[in-house]
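Close look at the chain arrangement
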Amino acid sequence: MPEFFKTKKGIVTLLGIVLGIWFLFCLPSPLFKNKTCTVLEDSNGNLLTARIADDGQWRFPENHKLPAKFIASIIQFEDRAFFSHHGFNPVAFTRAIIQNIKSKKIISGGSTLTMQVIRLIRNKKNRSVPEKIIEIIMALRLELTHSKSEILALYASNAPFGGNVVGIDAASWRYFGREPEKLSWAESATLAVLPNAPSLIYPGKNQERLFRKRNRLLDQLCAAGIINKETCELSKQEPLPGKPHAIPQLAPHLLQRAAKEGFNGQRIRSTINGHLQERVNDIIENHHRILRSNEIHNACALVLDVNTGNVLAYVGNTSNQGKTEYEGDVDIVNAPRSTGSILKPFLFASMLNDGELLPGTLIPDIPTQIAGYVPQNYNMTFDGAVPAKRALARSLNIPAVRMLQNYGIEKFNHSLKKIGMTTLTFSPDHYGLSVILGGAEGKIWDIGGMYASMARTLNHYTKYNGKYDTDDFHSPRYISKEATDPDLSNTTPLNAASIYYTFEAMVEVSRPDEDASWKQYTSATKVAWKTGTSFGYRDGWSVGVTPQYVVAVWVGNADGEGRPGLVGVQTAAPIMFDIFSLLKPGKWFTPPYDEMEKVPVCKQSGCRATDICEPVSTMFIPKTGLRSEPCKYHRLVHLDATGKYRVNSNCEDVEKMQHKSWFVLPPAMELYYKSKNSSYAQLPPFREDCEITGANAMEIIYPKQFSKIYVPVELDGTVGSTVFKVAHRSATTTVYWHLDNEYIGSTQGNHQLGLRPEEGVHLLTLVDESGETLVQKFEIVSGKNSPN
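An account of the accompanying structure is given in this report.

Definitions and limits used
Residues numbered from 1 in each chain as written. Predicted model: local features only at pLDDT ≥ 70, side-chain atom pairs only at ≥ 80, totals over all residues. Heavy atoms only, no water. Helix = DSSP H or I, 4+ residues; strand = E, 2+ residues; numbered from the N terminus. Rg over C-alpha atoms; globule rule 2.2 N^0.38 Å. Buried < 20%, exposed > 50% of the residue type's maximum accessible area, 1.4 Å probe, protein only. Contact = heavy atoms within 4.5 Å. Axes fitted to C-alpha atoms, helices over the stretch in contact; angles between N-to-C directions. Parallel < 35°, antiparallel > 145°, perpendicular 65-115°, else oblique. Left-handed = near helix turned anticlockwise from the far one by under 90°. Nonpolar A, V, L, I, M, F, W, Y, C, P; charged D, E, K, R; others polar. Disulfide = S-S within 2.5 Å. Pairing = 2+ DSSP bridges. Core = buried A, V, L, I, M, F, W, Y, C linked by side-chain atoms within 4.5 Å. Salt bridge = Lys/Arg side-chain N within 4 Å of Asp/Glu carboxyl O. Phe/Tyr/Trp six-rings, centres within 6.5 Å; stacked < 30°, edge-to-face > 60°. Lys NZ or Arg CZ within 6 Å of the ring centre and 35° of its normal.

When helices and strands are counted, the protein chain shows 22 helices and 28 strands. Relative to a compact globule of 788 residues, whose C-alpha radius of gyration would be 28 Å, the protein chain shows 39 Å and is clearly more extended. C-alpha atoms of the protein chain, sized along the principal axes, occupy 135 × 70 × 65 Å. Taking all 788 residues of the protein chain together, the buried fraction comes to 52%. Considering only contacts in the protein chain between residues 6 or more positions apart, those separated by 24 or more positions represent 66%.

Before going further, it helps to spend a moment on the packing of helix H4 (residues 113-122) against helix H6 (residues 148-158). Following both chains from N to C, one finds H4 and H6 inclined at 50 degrees, their axes separated by 9 Å at the closest point. As judged from the angle between their axes, H4 and H6 are oblique. Viewed along their axes, H4 and H6 form a crossing whose handedness is left-handed. Residues Leu-113, Thr-114, Gln-116, Val-117 and Leu-120 of H4 lie in contact with H6, whose contacting residues are Ile-151, Leu-152, Leu-154, Tyr-155 and Asn-158. Of the residues contributing to the contact of H4 with H6, the split by class is seven nonpolar, three polar and no charged.

What follows covers the state of the cysteines. Applying the stated criterion across every chain, the model contains one disulfide. A disulfide bridge connects Cys-651 with Cys-690, and the sulfur atoms are separated by 1.7 Å. Judged by the sign of its S-S torsion, about 80 degrees, the cystine formed by Cys-651 and Cys-690 is right-handed. Here the residue Cys-651 occupies a position in the loop between strand S19 (634-639) and strand S20 (658-663), and Cys-690 occupies one in the loop between helix H22 (667-676) and strand S21 (698-702), the gap between them amounting to 39 residues. The burial state of Cys-651 is the same as that of Cys-690; both residues are buried.

Moving on to the sheet that holds S21. Spatially, the three strands line up as an open sheet ordered S21-S23-S26, and their pairing is antiparallel. In this open sheet, the two edge strands, each paired with only one partner strand, are S21 and strand S26 (752-755). Sheet twist, expressed as the average angle between the axes of neighbouring strands with direction ignored, equals 25 degrees. Inspection of the sheet shows S21 paired to strand S23 (residues 722-728) by four bridges, in the antiparallel sense. Residue pairing across strands places Met-698 opposite His-728, the latter belonging to S23. Contacts between H22 and the sheet are confined to S21 and S23, with S21 contributing the most and set at about 80 degrees to the helix.

This part takes up the nonpolar core. Membership of the largest hydrophobic core comes to 79 residues, with the highest contact counts inside it found for Leu-302, Leu-343, Phe-346, Phe-412, Ile-436, Tyr-451 and Phe-503. Element by element, the count of residues in this core is highest for helix H18 (residues 444-463), at 10 residues. For Phe-412, the residues in contact, after removing those within four places along its chain, are Leu-343, Phe-346, Leu-347, Leu-404, Tyr-407, Val-435 and Ile-436. Listed in part, the 56 residues of the second largest apolar core include Phe-60, Val-117, Trp-173 and Leu-194.

This next bit is on the sheet that holds strand S25 (residues 742-748). If you trace the five strands from one edge of the open sheet to the other, you get S22-S28-S27-S24-S25, paired in mixed fashion. Strand pairing shows two members of the sheet lacking a second neighbour, strand S22 (707-711) and S25, which therefore form its edges. If you compare each strand with its neighbour and ignore which way they point, the axes differ by 30 degrees on average. Where strand S24 (residues 734-739) and strand S27 (residues 760-768) come together, five bridges link them in antiparallel fashion. Pairing of Leu-739 across the sheet is with Leu-764, part of S27.

Moving on: the pattern of salt bridges. Taken as a whole, this structure holds 27 salt bridges when the rule is applied. Here Arg-394 and Asp-383 are joined by a salt bridge, their closest N and O atoms 2.5 Å apart. With Arg-394 in the loop between helix H14 (388-393) and helix H15 (397-407) and Asp-383 in the loop between strand S9 (362-365) and strand S10 (384-387), this pair connects stretches of sequence that are 11 residues apart. Asp-383 gets classed as buried once you look at its relative accessible area, which sits at 9%. Among the salt bridges present, the one from Arg-729 reaches Glu-670, with a minimum N-O distance of 2.9 Å. Here Arg-729 is found in the loop between S23 and S24, whereas its partner Glu-670 is found in helix H22, with 59 residues between them in sequence.

All right, on to helix H7 (residues 168-176) then. For an α-helix, the turn length of 3.6 residues means that residues three or four places apart are oriented alike. Among the nine residues that make up H7, nine are buried, leaving the element largely enclosed by the rest of the structure. Ile-168, Asp-169, Ala-170, Ala-171, Ser-172, Trp-173, Arg-174, Tyr-175 and Phe-176 are the residues of H7 that are buried. Downstream of H7 by a residue or two, Gly-177 has a phi angle that is positive, lying close to 70 degrees.

Moving on: unusual backbone geometry. The omega torsion across Ser-29 and Pro-30 is 0 degrees, close enough to zero to call that bond cis. Position of Pro-30 among the secondary structure elements: in the loop between helix H1 (8-25) and strand S1 (38-41). Cis geometry marks the peptide bond from Tyr-702 to Pro-703; its omega dihedral reads 5 degrees. Here Pro-703 lies in the loop between S21 and S22. If you check the backbone angles, Asn-465 has positive phi at about 55 degrees while not being a glycine.

Using the criterion set out here, one finds 18 aromatic pairs in the structure. Ring centres of Phe-382 and Tyr-672 lie 5.2 Å apart, and the angle between their planes is 55 degrees; on these two criteria the pair is classed as tilted. Taken together, the positions of Phe-382 in the loop between S9 and S10 and Tyr-672 in helix H22 put the pair 290 residues apart, joining distant regions of the chain. With respect to burial, Phe-382 and Tyr-672 carry one shared label: buried. Directly above the aromatic system of Phe-82 lies the positively charged group of Lys-148, at a separation of 4.5 Å from the ring centroid.

Okay, here's the thing in structure tokens:
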């Protein structure tokens, strides 16, 4: 150590340096380390809900914006010279000493508001002289780096207001049920006097003492000319706060989510529209009162702004107050649930995008068995063949499964992940074809975001003149993201034309006739929407899309209990349309003509027309549809001069033949299609003198080639019967049945037969009157060997 610091002057200098360093660094960082509430605000800064801090205190994060009434009240009551001193007021301090000496006890501390902030920081209850000196020094230090408004905010946010209430925000909501900016003079004065003795003057207790203190402050405000006499007298008539108010609970599940996602203890300015949130809460609860009569206890809803992806309303569940068995605390918006049919539009869009079909392409709707999987339509009927867009609008299951089989399970799984589905955690083979009918779980959060991304892509395609924003496909956001210049590209997960035709198909979904309000709403705005119902009636879904909004709704029981009538169109869709009625209608999507091509399309098959198709309609299709398969159902038929019989060159001169284009479906499709389409014309029969070649008049509907049939064992131990079914173009033709080369019977008209083959591999042979023969192998597996 240098010799200088061993001298008295050196020691004093060193001490001064040490004290100077201490003075510079005497304030902790951060100033307050107390736990704070997680506070959720709407997009305008209005309180939606809050959660008590981890230490059990109602202490909101610091509020930098204090209301003028509270500022005036607290300064008049605590520190009238606040704006003129530098943290320490020697006049007030001297006056306090004199008062304490005269009273022979401490009745005044002489502390400034800045010194009180220091006391709150240090959390020292001791009011000794050394402590006071430290407070003075630290207060001077605080004034060097903080403005007066910042010091006031620190005090107001950390002062005790009685019980477990800390800070003006928490006090305002707990004692008066509203934000500080809306407090009256009387209420502001009440809060200004509380920190002075919060343990003695707790609202609801010691009312007379609190009343006197508040009114005395109101008189001081009047004497200082801050309020007039009339305001003072009226303010004195206001009652004191009584029992603490509950904190608003307008979006508790979003608060819960935000806390888990890294915002615990913070003030969160969300994208929520506060007014809309309240209205959606009301709609959910109104429907809940009806649904619970059928023991359906949970529902959730999500409303998104399409162009930003911002969440406008987030209702995670019904309230179910006091009934914990109904799991009202579960945030179902973010909970995986069986999707039912809600994924079908994504398959339709993906196939359009990849050029694998056109909107009107006919899809088989016939009895179907694929590797033991037997899908059924909801109404348990078959149409034979349905245009893809009508299959989507009617939510037919069999066409959807056949579309997925053609498209590929792995490819569809990849497409879903690419556009925002996060719950496909297993391999595509794990879900199989059932993924399109609810075999996978999805979240309202993801599903709503996926539909919003599609709508946003379509909007932006028009806005950016045929380009795509690479950020268009993203999850919903409940915290606003700063706008940036778009990163434009020529590629996108789903092109605009495919999305447009998907939404057009979804507009055609049939609404129940019995609800007149739906018809009234339909006339007001155009909505593309889809419902879904999971197996066992456990989940009801409904999602609607416009160019401006997405509304996604789920209804069911959180514990997975199914209920009769729990179907999407009856439970979730009415809620969705009630929510849409709150939203401002807008224009429909602009058709993306740059991604469309006008081509001849076969009006009967819905495919690209061939030279023999008739009638033909020229219409716009997605450009990717130019790769789709042309019509395969029209063929040239040779008729005799009467036009009643088919002929060939073996029985008729070519010059005498009529050559006509004919729309011909495969036998199984034809069997069901003709019953639903009276205009369908069956092929004329061959003339008797003509040799029939390659007629293909028969098709086995069940069983398919090499299929395994699991048959239950009867009570007597025998193998149960199985119904075999065949389609034939001629309603009068007799079909002869053979099992393992033994004749077993014949059928006419309705070609189905109940058989009891023994366990093992068998050969089924069918022969019609014209000699056409079908041979098919199948295997019978008895119930005792069937899979669980």
